[in-house]
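Fold and geometry: a report
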Amino acid sequence: ELSEVSREHLDQTVYGRELAMMVGRADFDHLFRRRLFVARRGGRIEAFAIANPACGGRLWAVEMFRKRPTATRGVIPFLISQIARQMRAEGVS
């Protein structure tokens, strides 16, 4: 389902695909230390964001976010604000 969301998102862009060095590549089988955050509505994934660790995990940066064309308006800003709240609760700077 994550791959489907990613593909739908990219289909709506001017370039229609992932671009090397410009747009992060979604490799859900090899996240390594990255963290995946998912927004669902009715059990279906509407959007996701992937965050990368920095400074030994004391800081995190959102590397990529993708959403379905039919996603609830504002889902990405809401998802990022929820990520910040969760990280703060975990003691991240």
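So, here is what we can say about the structure in this document. For clarity, every value in this text was computed on a predicted model and none was experimentally measured. What you see as residue numbers is a count from 1 along each chain, following the sequence as written. Side-chain atom pairs in this predicted model are given and counted only at pLDDT of 80 or more, local residue features only at pLDDT of at least 70, and totals for whole chains, interfaces and linings cover all residues. Side-chain numbers come from the whole structure's heavy atoms, not from hydrogens or water.

**Here's the deal with helix α1 (residues 2–11)**
For α1, the set of buried residues is Leu2, Val5, Ser6 and Leu10. Taken around the axis of α1, the buried residues stretch over an arc of 125 degrees, which confines them to a single face. In the core, the buried residues of α1 are packed alongside β1 (35–41), β2 (44–54) and β3 (59–67). Burial classification: accessible surface area is computed with a 1.4 Å probe over protein chains only, and a residue below 20% of its type maximum counts as buried, one above 50% as exposed, and the rest as partly exposed. Starting at the N terminus, helices and strands are each numbered in turn, a helix being any DSSP run of H or I of at least four residues and a strand any DSSP run of E of at least two. Note: the arc covers the axis-to-C-beta directions of the helix. What makes two residues a contact is simply this: any of their non-hydrogen atoms within 4.5 Å.

**Points about unusual backbone geometry**
Across residues other than glycine, the phi torsion is negative in most instances, and most of the peptide bonds are trans. One non-glycine residue with positive phi stands out, namely Phe32, at about 55 degrees. Here Phe32 lies in the loop between α1 and β1. A positive phi angle is found at Cys55, which is not glycine, with a value near 50 degrees. For Cys55, the position within the fold is in the loop between β2 and β3.

**Some thoughts on the pairing of β1**
Pairing between strands is defined by DSSP: at least two bridges between the two strands are required. With seven bridges connecting them, β1 and β2 associate as antiparallel partners. Bridged to Arg35 within β2 is Ala51. Linkage of β1 to β2, two consecutive antiparallel strands, is achieved through a turn of two residues, within which Gly42 is found at a positive phi near 60 degrees.

**Some points on helix α2 (residues 75–89)**
Spanning 15 residues, α2 covers 21 Å between terminal C-alpha atoms, matching the ideal 21 Å at 1.5 Å per step. Regarding α2, the residues found buried are Val75, Ile76, Leu79, Ile83 and Met87. Projected onto a plane normal to the axis of α2, the buried residues spread over an arc of 105 degrees and lie on a single side. With respect to the buried face of α2, the exposed residues turned more than 90 degrees away are Pro77, Phe78, Arg88 and Ala89. Buried-residue contacts for α2 involve β1, β2 and β3. Just downstream of α2 lies Gly91, where phi reads positive at about 90 degrees. Residue count minus one, scaled by 1.5 Å, sets the expected span of a helix.

**Focus on the sheet that holds β2**
Ordered in space as β1-β2-β3, the three strands form an open sheet in which the pairing is antiparallel. Sheet topology places β1 and β3 at the edges, where each strand pairs with a single neighbour. Here the average twist between neighbouring strands, direction ignored, is 25 degrees. Fitting a line to C-alpha atoms yields each axis, with helices limited to the stretch in contact; the angle taken between N-to-C directions then spans 0 to 180 degrees. Set on the sheet, α1 makes contact with β1, β2 and β3; between it and β2 the angle comes to about 90 degrees.

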